Amino acid sequence: MIMENQFVIYNTISRKKEVFEPLVPGKVGLYVCGPTVYSNSHLGHARAYITFDLLFRFLAQSGYKVRYVRNITDVGHLEDEIEEAGEDKISKKARLEKLEPMEVVQMYMNTFHRNMDALNVLRPSIEPRASGHIIEQQAMIESILKNGFAYEANGSVYFDVEKYNEKYNYGKLSGRNLEDIKINTRVLDGQSEKKNSFDFALWKKAAPEHIMRWPSRWSNGFPGWHLECSAMSTKYLGEQFDIHGGGMDLTFPHHECEIAQSTASQGKEAVRYWMHNNMITINGQKMARSLDNFITLDELFSGNHKVLQQAYSPMTIRFFILQAHYRSTIDFSNEALQASEKGLERLMSAVETLEEIKDSEQSTVNVVDLKNKCFAALNDDLNSPIAIAHLFEGVKLINSIKAGNERITASDLSDLKSFFRTFVFDILGLEDERANKDGGKNEILEGAVDLLLKLRMEAKANKNWDTADKIRNELSALGVEIKDTKEGFEWSVK
RNA sequence: GGUUCCUUGGCCGAGUGGCUAGGCAGCGGUCUGCAAAACCGUGUACGGCGGUUCGACUCCGCCAGGAACCUCCA
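Attention in this report is confined to the structure presented alongside it. (Residues numbered from 1 in each chain as written. Chains lettered and ligands numbered in written order. Predicted model: local features only at pLDDT ≥ 70, side-chain atom pairs only at ≥ 80, totals over all residues. Heavy atoms only, no water.)

Concerning the overall build of chain A
And then number 1: A tally of helices and strands in chain A yields 17 helices and 15 strands.
And then number 2: Look at the contacts in chain A between residues 6 or more apart in sequence, and 74% of them connect residues 24 or more apart.
And then number 3: Of the roughly 22,200 Å² that chain A leaves accessible, carbon and sulfur atoms contribute 48%.
And then number 4: With 60 positive and 71 negative side-chain charges, chain A shows a separation of 1 Å between the mean positions of the two kinds. (Helix = DSSP H or I, 4+ residues; strand = E, 2+ residues; numbered from the N terminus. Contact = heavy atoms within 4.5 Å. Areas by Shrake-Rupley, 256 points an atom, 1.4 Å probe, with all protein chains shown as cover. Lys, Arg positive; Asp, Glu negative; His and termini not counted. Charge placed at Lys NZ, Arg CZ, Asp CG, Glu CD.)

Structure representation (structure tokens):
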């Protein structure tokens, strides 16, 4: 299916586009940092997981067998690095809401799944949870300790960044060096049990009131946040794997720490290509929970938020996100979403029109060229906006053929149909939402509307414009979209 | 303060050392009883100032404005 073009991917660690070569021919190991499930999913999550969904779909479509691991962080994510007060997000939320921690986790995980399903984000191959991998995380701590890159203090275990940096390079991913970090890191209060403020927790002793805790030889406690991804990626993808993805905001410290952990425990780096999606901004500022300027996906779908002029469907949001390159920021605005909504509608109409097109003896269109351009765009570091731009050339072609200005042979037509289906539905992961809505059509409604529109045609034939316009106006007021055609009419439920 | 990055036409958003991005909106036309849809046509765009070059929106420098990370974040 895919052209012989090579897939090129921007590797954060080299800051260059590189030709993608999997560790094992034909197979790809992909790990993406999943959400910390302590609150509702928002637009930023949509961006991240749609980006990697596109990658997943495209690689699969390119013929790779992909194992896609995306975790759920349900423990160990420190709310605050202030030593003794260290408490993880889940358990804090649980106390606030008087729920079992696992109840909180379940609740927000359900929402996350529901939202991702709506956005047509495919489920990963494996979705491991941090709380289910305490043993693996402890084993990793042991090996880091054994290799001398961690130390125990007061029941907690910390990663010794300075020691690590003597042998390896801490900061290579984010482009920092330890000296700068030393100068610029916030100094913790005097009672720190860490050797250095930039050391990070591998195991954290639980305070008495802390609910989520597991026994270990160091203390009853819980694992540090950075550890879960290292432990779980190793478990499911091996000591080395192809692509690790996540939001740009995770580059430092999270991913930097992951590199340090893997290297410290196994003597070599685990990840070959680091891929980071950029942020969604609102009024030029990052949309984030901590900034309290985020819009949840449920709010977007329902239009129930003060900055929203209307509801935006999941596919509008997906299309909006795909219209920008994943490494650029995109600024949220009603105008931009509305433009995407219209554009998507035009694309989907063309997909429908494609089914009605009649073939000819000869083609005046070049389907192969169109296909090549679309695939080449995605091969070039997943350039979805370019791919979509070319897709709109296809839309123009389809409309021109329908209008009789261009012609297409039967074999080109079937080629074009299968290309559009594959590209729009399977790779870009778009769905025709109107098709679902038309499910609301039933035989009675269909018969009634058809009848009215036939009466309108008769009225038109008799030049009875008042009646014709009345039928048209009142039906559209009810949400029936009418198109007059040469043959008569078409309609759909808006 | 340190590190990295961004600044494109009314809006969104690609990209390139010289050749049409694309979408939305607008304008003119075709079609239509009128519209809608569709089609055709249509825009002196690249923050400012210098430099390199035959030629820069694209490379370099400076300036201005903005952002991300340096604390949890997709």
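Quick notes on the sheet that holds strand β7 (residues 201-205)
And then number 1: Across the sheet, 4 strands lie side by side as β5-β6-β7-β8; this open sheet has antiparallel pairing. Here the strands that pair on one side only, and so sit at the sheet edges, are β5 (150-153) and β8 (221-223). On average, each strand axis in the sheet is tilted by 20 degrees relative to the strand beside it, whichever way the strands run.
And then number 2: Of the strand pairs in this sheet, β5 and strand β6 (residues 156-159) are connected by 4 bridges, and their pairing is antiparallel. Across the sheet, the residue bridging to Glu-152 is Val-157, located in β6.
And then number 3: Packed on one face of the sheet, helix α4 (residues 134-146) meets β5, β6, β7 and β8 and runs near 115 degrees to β7. (Pairing = 2+ DSSP bridges. Axes fitted to C-alpha atoms, helices over the stretch in contact; angles between N-to-C directions.)

Some remarks on the pairing of β6
And then number 1: Neither face of β6 is open: one carries Ser-156 and Tyr-158, the other Val-157 and Phe-159, and all of them are buried.
And then number 2: Here β6 pairs with β7 via 2 bridges, running antiparallel. Paired with Tyr-158 across the strands is Ala-201, a residue of β7. (Buried < 20%, exposed > 50% of the residue type's maximum accessible area, 1.4 Å probe, protein only.)

Regarding the nonpolar core
And then number 1: In this structure, Phe-159, Ile-243, Phe-420, Phe-423 and Leu-430 are the most contacted members of the largest nonpolar core, which totals 132 residues.
And then number 2: Of all the elements, helix α1 (residues 43-61) adds the most residues to this core, at 11 residues.
And then number 3: If we skip the residues at most four places from it in the chain, Phe-423 touches Cys-374, Phe-375, Leu-378, Ala-387, Leu-391 and Leu-428.
And then number 4: Listed in part, the 7 residues of the second largest apolar core include Leu-475, Val-480, Ile-482 and Trp-491. (Core = buried A, V, L, I, M, F, W, Y, C linked by side-chain atoms within 4.5 Å.)

What to know about the pairing of strand β10 (residues 271-277)
And then number 1: Burial analysis of β10 places 6 of its 7 residues in the buried class, the great majority of the element.
And then number 2: Here strand β9 (residues 241-247) pairs with β10 via 6 bridges, running parallel. Opposite Phe-241, over in β10, you have Val-271 as the bridge partner.
And then number 3: Handedness of the crossover joining β9 and β10 through helix α8 (residues 251-266): right-handed. (Right-handed = clockwise from strand over helix to strand, strands pointing away.)

The quantities given are spatial measurements derived from coordinates; they are silent on function.
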